[in-house]
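# Topology and contacts: notes
Chain by chain, the residues:
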Amino acid sequence: AQSVTQLGSHVSVSEGALVLLRCNYSSSVPPYLFWYVQYPNQGLQLLLKYTSAATLVKGINGFEAEFKKSETSFHLTKPSAHMSDAAEYFCAVSRSGGYNKLIFGAGTRLAVHP
Amino acid sequence: NAGVTQTPKFQVLKTGQSMTLQCAQDMNHNSMYWYRQDPGMGLRLIYYSASEGTTDKGEVPNGYNVSRLNKREFSLRLESAAPSQTSVYFCASSEGTSEVDTQYFGPGTRLTVL
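Overview of the structure. This is a predicted model, so every value here is computed, not measured.

## Regarding the overall build of chain B
- When helices and strands are counted, chain B shows 0 helices and 11 strands.
- For chain B, the C-alpha radius of gyration of 13 Å lies close to 13 Å, the compact-globule estimate for 114 residues.
- Referenced to the eigenvectors of the C-alpha coordinate spread, the extents of chain B come out at roughly 35 × 25 × 25 Å.
- In chain B, buried positions account for 48% of the 114 residues.

## Some remarks on the environment of Val11 of chain A
All names here are of chain A.
- Take Val11: it is sitting in strand β2 (residues 10–14).
- Overall, Val11 belongs to the partly exposed group, its relative accessible area being 21%.
- For the pair Val11 and Ala86, spaced 75 residues apart in the sequence, the C-alpha separation amounts to 9.9 Å.
- For Val11, the contacting residues outside a window of four places in its chain are Leu21, Thr108, Arg109, Leu110 and Ala111.

## A closer look at the sheet that holds strand β1 (residues 3–7) of chain A
All names here are of chain A.
- Ordered in space as β1-β3-β8-β7-β6, the 5 strands form an open sheet in which the pairing is antiparallel. Every other strand in the sheet has two partners, leaving β1 and β6 (56–58) as the edge strands with one partner each. Within this sheet the neighbouring strands show an average axis-to-axis angle of 20°, counted without direction.
- Sheet analysis places strand β3 (residues 19–26) next to strand β8 (residues 73–78), joined by 4 bridges and oriented antiparallel.

## Section: the interface of chain A and chain B
- Every contact between the two is made by 25 residues of chain A and, on the other side, 25 residues of chain B.
- When chain A packs against chain B, close to 1,900 Å² is buried across both sides, 53% of that on carbon and sulfur atoms.
- One can count 0 salt bridges joining chain A with chain B.
- Put simply, chain A and chain B have 5 residue pairs in polar contact (both at pLDDT 80 or more) between them.

## Focus: the packing of aromatic side chains
- Tallied over the full model, the rule gives 13 aromatic pairs over all chains.
- Considering the side-chain rings of Tyr36 of chain A and Phe104 of chain A, the 6.0 Å spacing of their centres and the 50° angle between planes classify their relative orientation as tilted. Within this pair, whereas Tyr36 of chain A is found in strand β4 (residues 33–38), its partner Phe104 of chain A is found in strand β10 (residues 102–104), the two being separated by 68 residues in sequence.
- Seen in terms of ring centroids, Tyr64 of chain B and Tyr89 of chain B are 5.9 Å apart; in terms of plane orientation they differ by 65°. Their pairing is edge-to-face. Here Tyr89 of chain B lies in strand β9 (residues 87–94) and Tyr64 of chain B lies in strand β7 (residues 64–68), a separation of 25 residues in the sequence. Like Tyr64 of chain B, the residue Tyr89 of chain B is buried in the burial classification.
- Members of the aromatic cluster, each reached through a chain of ring pairs, are Phe34, Tyr36, Phe90 and Phe104 of chain A together with Tyr33, Tyr35 and Phe105 of chain B.

## Quick word on the side chain of Gln103 of chain B
- Within the secondary structure, Gln103 of chain B sits in the loop between β9 and β10 (104–105).
- Polar contacts involving the side chain of Gln103 of chain B include one to the side chain of Tyr35 of chain B, which spans 2.8 Å.
- Once you skip the residues sitting within four places of it in the chain, Gln103 of chain B turns out to touch Tyr36, Asn100 and Leu102 of chain A together with Tyr33, Tyr35, Ala92, Ser93 and Ser94 of chain B.

## Re the side chain of Gln85 of chain B
Residues and elements named next belong to chain B.
- Inspection of the secondary structure puts Gln85 in the loop between β8 (74–78) and β9.
- Here Gln85 falls in the buried class, since its relative accessible area comes to 5%.
- For Gln85, the contacting residues outside a window of four places in its chain are Arg36, Asn62, Gly63, Tyr64, Leu78, Ser80, Leu111 and Val113.

## Focus on the sheet that holds strand β1 (residues 4–7) of chain B
Residue and element names in this part refer to chain B.
- The antiparallel open sheet is built from 4 strands, whose spatial order is β1-β3-β8-β7. In the strand order of this sheet, the two ends are held by β1 and β7, each with one partner. On average, adjacent strands in this sheet sit at an angle of 20° to one another, irrespective of strand direction.
- Bridging between β7 and β8 involves 5 bridges; their strand directions are antiparallel. Directly across from Tyr64, in β8, lies its bridge partner Leu78.

Analysis parameters
- Residues numbered from 1 in each chain as written.
- Chains lettered and ligands numbered in written order.
- Predicted model: local features only at pLDDT ≥ 70, side-chain atom pairs only at ≥ 80, totals over all residues.
- Heavy atoms only, no water.
- Helix = DSSP H or I, 4+ residues; strand = E, 2+ residues; numbered from the N terminus.
- Rg over C-alpha atoms; globule rule 2.2 N^0.38 Å.
- Buried < 20%, exposed > 50% of the residue type's maximum accessible area, 1.4 Å probe, protein only.
- Contact = heavy atoms within 4.5 Å.
- Pairing = 2+ DSSP bridges.
- Axes fitted to C-alpha atoms, helices over the stretch in contact; angles between N-to-C directions.
- Buried area = accessible area lost by both parts, 1.4 Å probe.
- Salt bridge = Lys/Arg side-chain N within 4 Å of Asp/Glu carboxyl O.
- Polar contact = N/O pair within 3.5 Å; in protein donor to acceptor, adjacent residues only side chain to side chain.
- Phe/Tyr/Trp six-rings, centres within 6.5 Å; stacked < 30°, edge-to-face > 60°.

Right under this line is the structure:
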């Protein structure tokens, strides 16, 4: 069965600091992986997705993630945090067998302080 | 182009009451989904509709029913609400059922069952 684990339910960084949000997956087949962001009182918005075309994936708002098969990881990074990055971030894996059914991690809430 | 819209935004029910959550998309997408979001658990799939005229159960379907009214609309019904159904409900849509298709989310409905 596929699953996603996000390490750290809360992460706090200073403005301008590196953002690193961790995601590990479990999958018996090559996975398709996604990062979504949820701003307060809003729905989820896609940041980026890995579809096996390239291991380093660039997304919106300066975020990127690297797929590492040997570590079963898909960590999200941003070189320099901005106050507007404060949100909740979800890693998800697309369930094998079709029908685009996503399995989400529990989420990581990112706080950015001045 | 409104994307995915949901009504209502907030609802309070008493145990045993029924209600229907409405969802509509204007992106001409074939597939639609209903998720619930609970603290510390990420999003879990309740039901999905791969295409107009079809619906299938997700991870947590008990206590819910759905109707794919037409290509645009996908409703979620609680026949007899229970406190365990207190949650935030998100509707999403995607172009198709490919595992790499992006899902687009609505703003959510916050439901409290007393």
